[in-house]
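Breakdown of the fold
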Amino acid sequence: MNNTLTTDEAKLNTGAGARTFLSAATSGYPSISPAPLAQSGSEPAADRNVRVPAVSCRAVRKRFGEGEAAIEVLRGVDFEAIQGELTFLVGPSGCGKTTLISVIAGLLDKNAGQVELFGQDLEALTPRQRIRFRRQNLGFVYQQFNLLPALTAAENAAVPLLAAGLSRTKAVERSKALLVKLGLEHRVDALPAKLSGGQQQRVTLARALVHEPRLIVCDEPTASLDHASGEAVMQLLAENAVHPERAVIVVTHDNRVFHYADAIAHMDDGQIVRTESRPEADNFVPEGERARA
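What comes next is a walk through the structure. Remember, it's a predicted structure, so these values are computed and weren't measured experimentally.

**Describing the side chain of Arg 134**
Within the fold, Arg 134 resides in helix α5 (residues 127-137). Here Arg 134 is in contact with Ala 105, Gly 106 and Leu 107, once residues within four sequence places are set aside.

**What to know about the pairing of strand β7 (residues 247-251)**
Summarising burial for β7: five of the five residues are buried, a large majority. The alternating pattern of β7 places Ala 247, Ile 249 and Val 251 and Val 248 and Val 250 on opposite faces, both of which are buried. Alignment of strand β3 (residues 86-90) against β7, held across four bridges, turns out to be parallel. Considered in β7, the bridge of Thr 87 is made with Ile 249. Relative to β7, strand β6 (residues 215-219) runs parallel, the two sharing five bridges. Note on β7: the bridge partner recorded for Asp 219 is Val 251. Regarding topology, helix α9 (residues 227-241) serves as the crossover connection from β6 to the parallel β7, and that connection is right-handed.

**Considering the sheet that holds strand β1 (residues 53-64)**
Taken in spatial order, the three strands line up as β2-β1-β4 in an open sheet, and their pairing is antiparallel. The two strands at the open ends of the sheet, each matched to only one other strand, are β2 (71-82) and β4 (112-117). Averaged over all neighbouring strand pairs, the angle between strand axes comes to 15°, with direction disregarded. As paired elements, β1 and β4 share five bridges and run antiparallel to each other. Counterpart to Val 55 in the pairing with β4 is Leu 117. Contacts between helix α4 (residues 97-104) and the sheet are confined to β1, β2 and β4, with β2 contributing the most and set at about 65° to the helix.

**Observations regarding the sheet that holds β6**
Taking strand neighbours across the sheet as the criterion, the six strands line up as β5-β6-β7-β3-β8-β9 in an open arrangement whose pairing is mixed. Taken across any chain shown, the strands that pair with only one partner, and hence form the sheet edges, are β5 (138-141) and β9 (271-277). Across the sheet, the axes of successive neighbouring strands diverge by a mean angle of 15°, strand direction being ignored. Direction of pairing for β3 relative to strand β8 (residues 263-268): parallel, over a ladder of four bridges. Bridged to Leu 89 within β8 is Ala 265.

**Considering helix α7 (residues 168-181)**
Taking 1.5 Å as the rise per residue, α7 with 14 residues should run 20 Å; its terminal C-alpha atoms sit 20 Å apart, in good agreement. For α7, the set of buried residues is Ala 171, Val 172, Ser 175, Leu 178 and Leu 179. Buried residues in α7, looked at end-on, bunch into an arc of 120°, giving them a common side. For α7, the exposed residues lying more than 90 degrees away from the buried face are Thr 169, Lys 170 and Glu 173.

**Points about the packing of aromatic side chains**
Scanning all chains against the criterion turns up two aromatic pairs. Between Phe 140 and Tyr 142, the ring centres sit 4.8 Å apart and the planes meet at 35°, which makes this aromatic pair tilted. Lying across the ring of Phe 118, Arg 214 places its NZ or CZ 3.8 Å from the centre.

Rules used throughout
- Residues numbered from 1 in each chain as written.
- Predicted model: local features only at pLDDT ≥ 70, side-chain atom pairs only at ≥ 80, totals over all residues.
- Heavy atoms only, no water.
- Helix = DSSP H or I, 4+ residues; strand = E, 2+ residues; numbered from the N terminus.
- Contact = heavy atoms within 4.5 Å.
- Buried < 20%, exposed > 50% of the residue type's maximum accessible area, 1.4 Å probe, protein only.
- Pairing = 2+ DSSP bridges.
- Right-handed = clockwise from strand over helix to strand, strands pointing away.
- Axes fitted to C-alpha atoms, helices over the stretch in contact; angles between N-to-C directions.
- Expected span 1.5 Å × (residues − 1).
- Arc of directions from axis to C-beta.
- Phe/Tyr/Trp six-rings, centres within 6.5 Å; stacked < 30°, edge-to-face > 60°.
- Lys NZ or Arg CZ within 6 Å of the ring centre and 35° of its normal.

Note that all results are geometric; they support no functional claim without further evidence.
Written as structure tokens, this is what we have:
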């Protein structure tokens, strides 16, 4: 997984930098107004019968390395995530799922093909415009949590709001409310080192959701969670997905949560091999389980 942070974000990984950020967020970052839900290049999905793509990938290719050592991880991927839906991306380890969502999020550049988010090609933007677009429109839940060690759980979850220029008091108040919904009401003031892996994962999810982005991309969001916590996470993601101008993409191997999906895209060997809609997804059985059935 490419967990590359922006230069500004990387600076926050020291305790001093993190605390400075909290006290001077509006001066340390460009002021960013919340993104309007309807933007040029896309029409709002008026109802669930109108299938408007939030994400559109066409013939996307991505390779690592050059020459004879090159490895092609994405081999002409065609993929859509529809506004107002929760789309699962499933497949065996190493098939390219994390690479695909990293390309979608603008963390990796593709080698060929077309990727649009709400009608916008991120590679057509300048680096600064791309950062601004991502901060306004995208929430990303990493497999590795990337929490800032000197900040509390509530402060970590509030970082996108502080970066957008919201006051510290209001930002932390909103992040605490979200953490309560995720069952962390008694851990909002704890530092990451005092949190379990599952608790850190929920803080990471809160950080991705707190600024109400139009697109949420999650890499194994329930992997470290027990059943009850996993259900709480998926319910929260589903609540965000049902908004007609938002979308959620979830990479997962967790068949306990497949019933939340509106669509399940199956990936293998760098390609999307088939996509199931909700009626089929309700009876979905993973490939490995089919072999044992």
